[in-house]
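Analysis of the macromolecular model
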Amino acid sequence: MIRIAAIACLLAAAAASQAAQPPTDLDYAIVRSIPVQDLGRWPPMDTLARQTVETITGRRSFHDRDPMTWLLAWTFDPQRWAAEPLIPIANAEVRRELELPAEREVFSYDELLAHQPLMAIIDSSRNLRGRKASPLETVVRRIGERLAALQQVFTGQTIRLIPDPDDPIAPWRPIAPDQSPKSVIEAWSNLKTAFLTNDTEGFASASTELDEALAALPAAHRPSPHRIATELTYNRVQPFRLAWIIMAAGTAISALTLAIRRPWAIWPAAIPLIAGFVLITAGLWLRGQIAGRLPAANMYESLLFVGWGTGLLAIVSMIVVRHRAVPLTASAVGAAALMLADLTGMDAGIRPIAPVLLDTIWMSIHVPVIMVSYSVLALAVLLAHVQVVAMALVPSRRDFTARMDDLHYWYVLAGSLLLFVGIITGSMWAASSWGRYWGWDPKEVWSLIALLGYVTILHIRIEGARSRPWLPIALGVLAAAVIALTLAPFGRLTAWMIPAALAMAAAVGLFMLPRGPLSTAIKSIGAFWLVIMTYVGVNYVLGSGLHSYGFGTGAVVRWLFLAAAIDATLVIGAVLVCTVRRGSPQP
């Protein structure tokens, strides 16, 4: 009896698993091109499906099935899929805090909705009353957003196909039996029946019927077929993913060709870089055509410009400098930026942005300039790391480190100039959008700090090795001024203020006193962390200011601290090795 019961359970589980599989072999060519309304714009249903699946499951490809399959399956058969595990909670600590099973990472809609500890935290995270959300509340809020998105799909509210006949900006409506035209309701019903029965011919016929019925409806606004076709091409090609794959391959090829001392050896390394740059340019153009604006409105799009900027500067540098390290560093930085955008779960959706940010030409000038400056400085910091490691491990290769130092200086100079122009154009953008050029917003303050760091590097290099006896005295006065200006506005001192002020004074001394190629490289590494604080830290750590369109949540802070610790260990280790080799603490 036990064996029979076990066999019966296995058969039931297999049947349930089979029943939970969505249809296969259906042709979505017509359905995916039907326009819908979503978040203030009118994409094809293919885009809606991709964004919905990624929002709910956290993956752009769920079980290796077309996102259209999942969108229609969840819409047409909500009862079946409400009990299936769709929503991930990958963090074991979060599962323990929420009293969820530790051995599982994916949970169903019904299971989470009935889980009282989770729902209680979701309710409390909605009423923060001026305080910042805790890490647990941040994660739980994301789970709540996934539950809400899945509920919208289950109730048929996600797919909005019915346009407003009079108002071009009015919201479109989902298909409803008592509110939609009869022809649309019949076509939608036929599509549902064919989908659930896996009827390929019936699904193709119903898709055409639905497309024609919707096209016949009066609409105050309907996206052009050209824009729909452009977005479908963008979705299909995925130019940025293809670009980072090509540039990553180019990085490996560049590393291999460094050992070949022939003039032609630069081209096998340069071709993947150029191909990646062309793909990024094409992708940005497609994304701009779809969005109707410059694609530079969020963290994802800004990383795209970092990849584009590295490619642009590398191509120019190969013409001017003709150094084989250029395609290597550019391919590495470009691939890394695009990989971060593609693989870290950033929202890649094309979203409308606040009109106050669009109603000016300065956005189109500031964002590309500032992101290209970050790209150039990223190339500089990569060369700085190469230079530091080379000076520590192979001090006899003075010719190599000298070439790295010259190329590094070229990148720092170009990046600093672009950073300065970016800050000026950003001030003009702020004046046009917010009514003032400079308001000591956290983003503005940290951009100025980063610029001052790089200007100091350039100044000390121009001064060379000349020593001035009054410099330590001037530095001491400057450090005291930094401490005084930092502590004065607070009035009453706290336990952390004095150490923080002393650390800032020490940073001033670090940037001003040491001289030489090794010191320049180390200071460049430190200055780039100021850029990272400007670019990422303000948005993910501070979470305050007028740059709310760039805020984000997630594990970014933890990864930043880990990267900073690894980087500091590398730099300190290199300095110790150099000190031991030279027998002197002076770098």
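Reading guide: rules and limits
Residues numbered from 1 in each chain as written. Predicted model: local features only at pLDDT ≥ 70, side-chain atom pairs only at ≥ 80, totals over all residues. Heavy atoms only, no water. Salt bridge = Lys/Arg side-chain N within 4 Å of Asp/Glu carboxyl O. Helix = DSSP H or I, 4+ residues; strand = E, 2+ residues; numbered from the N terminus. Buried < 20%, exposed > 50% of the residue type's maximum accessible area, 1.4 Å probe, protein only. Axes fitted to C-alpha atoms, helices over the stretch in contact; angles between N-to-C directions. Left-handed = near helix turned anticlockwise from the far one by under 90°. Contact = heavy atoms within 4.5 Å. Nonpolar A, V, L, I, M, F, W, Y, C, P; charged D, E, K, R; others polar. Expected span 1.5 Å × (residues − 1). Arc of directions from axis to C-beta. Core = buried A, V, L, I, M, F, W, Y, C linked by side-chain atoms within 4.5 Å. Polar contact = N/O pair within 3.5 Å; in protein donor to acceptor, adjacent residues only side chain to side chain. Phe/Tyr/Trp six-rings, centres within 6.5 Å; stacked < 30°, edge-to-face > 60°. pLDDT = per-residue confidence, 0-100.

Within this structure, the stated rule accounts for 14 salt bridges. A salt bridge links Arg 241 to Asp 342, with the shortest nitrogen-to-oxygen separation between them at 2.8 Å. Taken as a pair, Arg 241 in helix α12 (residues 239-257) and Asp 342 in helix α15 (residues 325-343) lie far apart in primary sequence, 101 residues in all. For Arg 241, a relative accessible area of 30% puts it in the partly exposed group. Linking Arg 293 and Glu 301 is a salt bridge whose minimum nitrogen-to-oxygen distance equals 3.2 Å. Of the two residues, Arg 293 and Glu 301, neither departs from the other in class, the shared state being buried.

Where α12 meets α15, the closest approach of the two axes is 8 Å, and the angle between their N-to-C directions is 145°. Pair α12 / α15 crosses with left-handed handedness. Residue-level contacts link Phe 240, Arg 241, Ala 243, Trp 244, Met 247, Ala 248, Gly 250, Thr 251, Ser 254 and Ala 255 of α12 to Pro 327, Leu 328, Ala 330, Ser 331, Ala 332, Gly 334, Ala 335, Leu 338, Met 339, Asp 342 and Leu 343 of α15. Looking at the contact of α12 with α15, its residues break down into 14 nonpolar, five polar and two charged.

For helix α9 (residues 182-196), spanning 15 residues, the distance from its first C-alpha to its last is 21 Å, which sits close to the expected 21 Å at 1.5 Å a residue. The complete set of buried residues in α9 reads Val 184, Ala 187, Trp 188, Leu 191, Ala 194 and Phe 195. Each buried residue of α9 lies within a common arc of 130° when the element is viewed along its axis, so the set occupies one face. Taken from the residues just after α9, Asn 198 is the one with a positive phi, measuring 55°.

For the rest of this paragraph, the subject is the nonpolar core. Among soluble globular proteins, nonpolar side chains are generally buried collectively. Counting residues in each nonpolar core, the largest one holds 83 residues, and the members touching the most others are Ile 280, Tyr 300, Met 371, Tyr 411, Leu 419, Tyr 454 and Phe 528. Per-element accounting of this core gives the leading share, 17 residues, to helix α17 (residues 362-393). By size, the runner-up hydrophobic cluster in this structure holds 55 residues, among which are Val 36, Trp 81, Ile 87 and Leu 147.

Residue position: Thr 158 is located in the loop between α8 (135-154) and β3 (160-162). Classification of Thr 158 as buried rests on a relative accessible area of 12%. At 3.1 Å, the side chain of Thr 158 forms a polar contact with the backbone nitrogen of Val 153. Every residue in contact with Thr 158, bar those within four places of it in the chain, is listed here: Leu 48, Thr 52, Leu 71, Ala 149, Gln 152 and Val 153.

Two elements in contact, α15 and α17, have axes whose closest approach is 9 Å; the angle formed by their N-to-C orientations is 120°. Considering the relative orientation of α15 and α17, their crossing is right-handed. On α17, the residues that touch Thr 329, Ala 330, Ala 332 and Val 333 of α15 are Ala 378, Leu 379, Leu 382 and Leu 383. Of the residues belonging to the contact of α15 with α17, the class tally is seven nonpolar, one polar and no charged.

Our focus in this paragraph is the environment of Ala 282. The topology assignment puts Ala 282 in helix α13 (residues 266-291). Separated by 42 residues in the primary sequence, Ala 282 and Phe 240 have C-alpha atoms spaced 9.2 Å apart.

A word on the packing of aromatic side chains. Following the criterion strictly, the structure yields twelve aromatic pairs and no others. An aromatic cluster of at least three residues, connected via ring pairs, comprises Tyr 28, Phe 76, Trp 188, Phe 195 and Phe 203.

Glancing now at the confidence of the model for the protein. Averaged over every residue, the pLDDT of the protein is 82; the share at 70 or more is 81%. Across residues 1-19, confidence stays below pLDDT 50; counting only partners more than four residues off in sequence or on other chains, it has one contact.

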